[in-house]
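Breakdown of the fold
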Amino acid sequence: MQRYLEDIDVTVHVMSRISKLLNFTQDLLPEGQSISRIFISETAGKEGRIYEAAWFFTSGFISEAHHFLTDDEVDFFQFTENIILLNIKKADFEPGEENDSSARMRIKFSGGGGRGSNVGGELKATGKNCDYLYRIAKEILLPNTMRST
């Protein structure tokens, strides 16, 4: 996870916030669940990146820390085989190629939360971060789409 944060060039302040939220989130998870991947949702602004949310993934839960640079608010939901819709939009991004800062990717997903509720989220990436978001779609989100019976 440290390598990911270094690869997408986050600041020391961002690393510190992620570390604190990672420890907090891990402590709340049920026994046997450990965070295996993180993702920083971000977009490009006029003066650099705009960080929107931090996402934490386990084998059965997704957690989103909204406005993680300023707030300590985390959503948790169970998602195993529960994703109903996965929408992927990309621009100037090709998997497996050297993508520059013009690359963009956005993923929207939703799933049944049980008892008539619906849960989901939106993850965004620019530049190198698109490679990481692509892998999350391929390795975590898509394999957990709802299976037809």
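That block above? That's the structure.
Residues numbered from 1 in each chain as written. Predicted model: local features only at pLDDT ≥ 70, side-chain atom pairs only at ≥ 80, totals over all residues. Heavy atoms only, no water.

**Some thoughts on the overall build of the protein chain**
Put simply, the rule is: Numbering of helices and strands starts at the N terminus; helices are DSSP runs of H or I of at least 4 residues and strands are runs of E of at least 2. The size measure is the radius of gyration over C-alpha atoms, and the globule rule it meets is 2.2 Å times the number of residues to the 0.38 power. Only protein chains enter the accessibility calculation, which uses a 1.4 Å probe; a residue whose area is less than 20% of its type maximum is buried, one above 50% is exposed, and one in between is partly exposed. Whether two residues are in contact is decided by their heavy atoms, any of which lying within 4.5 Å being enough. Only the protein chains shown count as cover for residues, and all accessible areas are computed by the Shrake-Rupley method using a 1.4 Å probe.
Within the protein chain, the regular secondary structure consists of three helices and seven strands. Ordered by position in the sequence, the α and β elements of the protein chain form the string α-α-β-β-β-β-β-β-β-α. In terms of overall dimensions, the protein chain is globule-like: its C-alpha atoms have a radius of gyration of 15 Å, near the 15 Å expected for 149 residues. The principal-axis extents of the C-alpha atoms in the protein chain amount to approximately 45 × 30 × 25 Å. Per-residue burial for the protein chain yields a buried fraction of 42% across its 149 residues. Restricting the contact set of the protein chain to residue pairs at least 6 apart, pairs at least 24 apart contribute 49%. Surface exposure of the protein chain reaches about 8600 Å², of which carbon and sulfur atoms provide 48%.

**Quick notes on the sheet that holds strand S2 (residues 48-57)**
Rules: Any two strands between which DSSP finds at least two bridges are classified as paired. Angles run from 0 to 180 degrees between N-to-C directions of axes, and those axes are lines fitted to C-alpha atoms, restricted for helices to the stretch in contact.
Strand order in this open sheet of four strands is S1-S2-S3-S4, and the pairing throughout is antiparallel. Looking at the sheet topology across the chains shown, the edges are occupied by strand S1 (37-45) and strand S4 (73-78). Averaged over all pairs of adjacent strands, the angle between their axes in this sheet comes to 25 degrees, without regard to strand direction. The strands touched by helix H2 (residues 12-28) within the sheet are S1, S2, strand S3 (61-66) and S4, with S2 carrying the most contacts at an inclination of about 20 degrees. Contacts from helix H3 (residues 129-141) reach S1, S2 and S3, with the element oriented near 135 degrees to S1.

**Topic: the nonpolar core**
Put simply, the rule reads: In this description, a nonpolar core means a group of buried Ala, Val, Leu, Ile, Met, Phe, Trp, Tyr and Cys residues linked to one another through side-chain atoms lying within 4.5 Å.
With 42 residues, the main nonpolar core has Phe39, Ile40 and Phe68 as its most contacted residues. Per element, the largest residue contribution to this core is seven residues, and it comes from H3.

**Overview of the pattern of salt bridges**
What counts here: For salt bridges, the criterion is a side-chain nitrogen of Lys or Arg within 4 Å of an Asp or Glu carboxyl oxygen.
Under the definition given, this model contains seven salt bridges. The closest approach of N and O atoms between glutamate 94 and lysine 90, which form a salt bridge, is 2.9 Å. One salt bridge in this structure joins arginine 106 and glutamate 122, with 3.7 Å as the shortest N-O distance. Here the residue arginine 106 occupies a position in strand S6 (residues 104-114), and glutamate 122 occupies one in strand S7 (residues 117-126), the gap between them amounting to 16 residues.

**Things to note about H2**
Convention followed: To estimate the expected span of a helix, count its residues, drop one, and scale the result by 1.5 Å.
Relative to the 24 Å expected for 17 residues at 1.5 Å per residue, H2 spans 25 Å between its end C-alpha atoms, a close match to the ideal helical length. On its buried face, H2 is in contact with helix H1 (2-7), S1, S2, S3 and S4.

**Considerations on H3**
Applied cut-off: To obtain the arc, one takes the directions from the helix axis to the C-beta atoms.
If you check which residues of H3 are buried, you get Asn129, Cys130, Tyr132, Leu133, Ile136, Ala137, Ile140 and Leu141. End-on view of H3: buried residues confined to an arc of 160 degrees, all on one side of the axis.

**Quick word on the environment of glycine 48**
Counting through the fold element by element, glycine 48 comes out in strand S2. In the structure, glycine 48 is positioned 13 residues away from isoleucine 35 in sequence and 28 Å away in space, judged by C-alpha atoms.

**What to know about the pairing of S4**
Of the pairings in the sheet, the one linking S3 to S4 comprises six bridges and is antiparallel in character. Following the sheet pairing, alanine 65 is matched in S4 by valine 74. Where S3 folds back onto S4 in an antiparallel hairpin, the turn is made up of six residues, including histidine 67, whose phi is positive at roughly 40 degrees.

**Considering the environment of serine 110**
Its location among the elements puts serine 110 in strand S6. Separated by 79 residues in sequence, serine 110 and glutamate 31 have C-alpha atoms that sit 25 Å apart.

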